[in-house]
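# Structural description and commentary
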Amino acid sequence: MHSSDDDVVRDKPTGMKIKGEAKRKEQVKISETQNLQATIKSFLESKEKILYHQKKRQALLEQKILPHIFKEFEMIQMLDQDKTINIHKKKQYIRKLFKNKTDAVAFYKKHLN
């Protein structure tokens, strides 16, 4: 059984086709690597921004918010010596500072208790 020349050509992949496919796969791989590098860069930048904002938040808390609140608490303490009334007035004062009552309660428990 002899094969015709047309059958032989159909069975063999051409060199051009293999080179083109390999080049396309290499370009896809390069593109995926570049996308991954960009994603990692974005991830690291986000991490830096988060750390910056956490430090800024902590500085605001320590330098401005808590000192002012403690001054107000001292005034409340001076006006009335009853411990239960003082606690109630302090909580009322904190609630006035926040729009949301649950945020005020969480802040009080975390920073002032």
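In this report, we go over the structure that sits alongside the text. (Residues numbered from 1 in each chain as written. Predicted model: local features only at pLDDT ≥ 70, side-chain atom pairs only at ≥ 80, totals over all residues. Heavy atoms only, no water.)

Attention now moves to a nonpolar patch on the surface. Judged by side-chain polarity, L36, I40, F43 and L44 come together as a nonpolar surface patch covering roughly 400 Å² of accessible area. By the element assignment, I40 lies in helix α2 (residues 15-79). (Patch = residues over 30% accessible without salt bridge, like charges linked within 9 Å, V, L, I, M, F, W, Y side chains within 5 Å. Areas by Shrake-Rupley, 256 points an atom, 1.4 Å probe, with all protein chains shown as cover. Salt bridge = Lys/Arg side-chain N within 4 Å of Asp/Glu carboxyl O. Helix = DSSP H or I, 4+ residues; strand = E, 2+ residues; numbered from the N terminus.)

On to a positive patch on the surface, then. Residues K91, R95, K101 and K109 make up a contiguous surface patch of positive charge. When contributions to the positive patch are tallied by element, the ones reaching two or more residues are α3 (83-97) and α4 (101-112). Note that K109 resides in helix α4. (Lys, Arg positive; Asp, Glu negative; His and termini not counted. Charge placed at Lys NZ, Arg CZ, Asp CG, Glu CD.)

Moving on to α3. Over its 15 residues, α3 extends 22 Å from the first C-alpha to the last, a length consistent with the 21 Å expected when each residue adds 1.5 Å. Residues N86, K90, Y93 and I94 constitute the buried set of α3. Down the axis of α3, the sector holding all buried residues measures 95°, keeping them to one side. Those residues of α3 that are exposed and angled more than 90 degrees off the buried face are T84 and K96. (Expected span 1.5 Å × (residues − 1). Buried < 20%, exposed > 50% of the residue type's maximum accessible area, 1.4 Å probe, protein only. Arc of directions from axis to C-beta.)

Below, the discussion takes up the packing of α3 against α4. One way to put it is that α3 packs onto α4 with a least axis distance of 9 Å and a crossing angle of 125°. With respect to each other, α3 and α4 are oriented oblique. Where α3 crosses over α4, the handedness of that crossing is right-handed. Residue-level inspection shows I87, K90, K91, I94 and R95 of α3 in contact with α4, the latter providing K101, A104, F107, Y108 and L112. For the contact of α3 with α4, the residue count by class is six nonpolar, no polar and four charged. (Axes fitted to C-alpha atoms, helices over the stretch in contact; angles between N-to-C directions. Parallel < 35°, antiparallel > 145°, perpendicular 65-115°, else oblique. Left-handed = near helix turned anticlockwise from the far one by under 90°. Contact = heavy atoms within 4.5 Å. Nonpolar A, V, L, I, M, F, W, Y, C, P; charged D, E, K, R; others polar.)

In this structure the tally under the stated criterion is one salt bridge. Salt-bridge contacts for K25 lead to E21; the nearest nitrogen and oxygen are separated by 3.9 Å. Of the two residues, K25 and E21 are both situated in helix α2; the distance of four residues between them amounts to about one turn of the helix.

A few words now on the nonpolar core. By size, the foremost hydrophobic cluster in this structure holds eleven residues: L61, L66, I69, F73, I76, Y93, I94, A104, F107, Y108 and L112. Sorting the residues of this core by element identifies α2, α3 and α4 as the ones contributing at least two each. Ranked by residues supplied to this core, first place goes to α2 with five residues. When residues no more than four places from it in sequence are discounted, the contact partners of I94 are I69, F73, A104, F107, Y108 and L112. (Core = buried A, V, L, I, M, F, W, Y, C linked by side-chain atoms within 4.5 Å.)

Geometric values such as these leave the question of function open.
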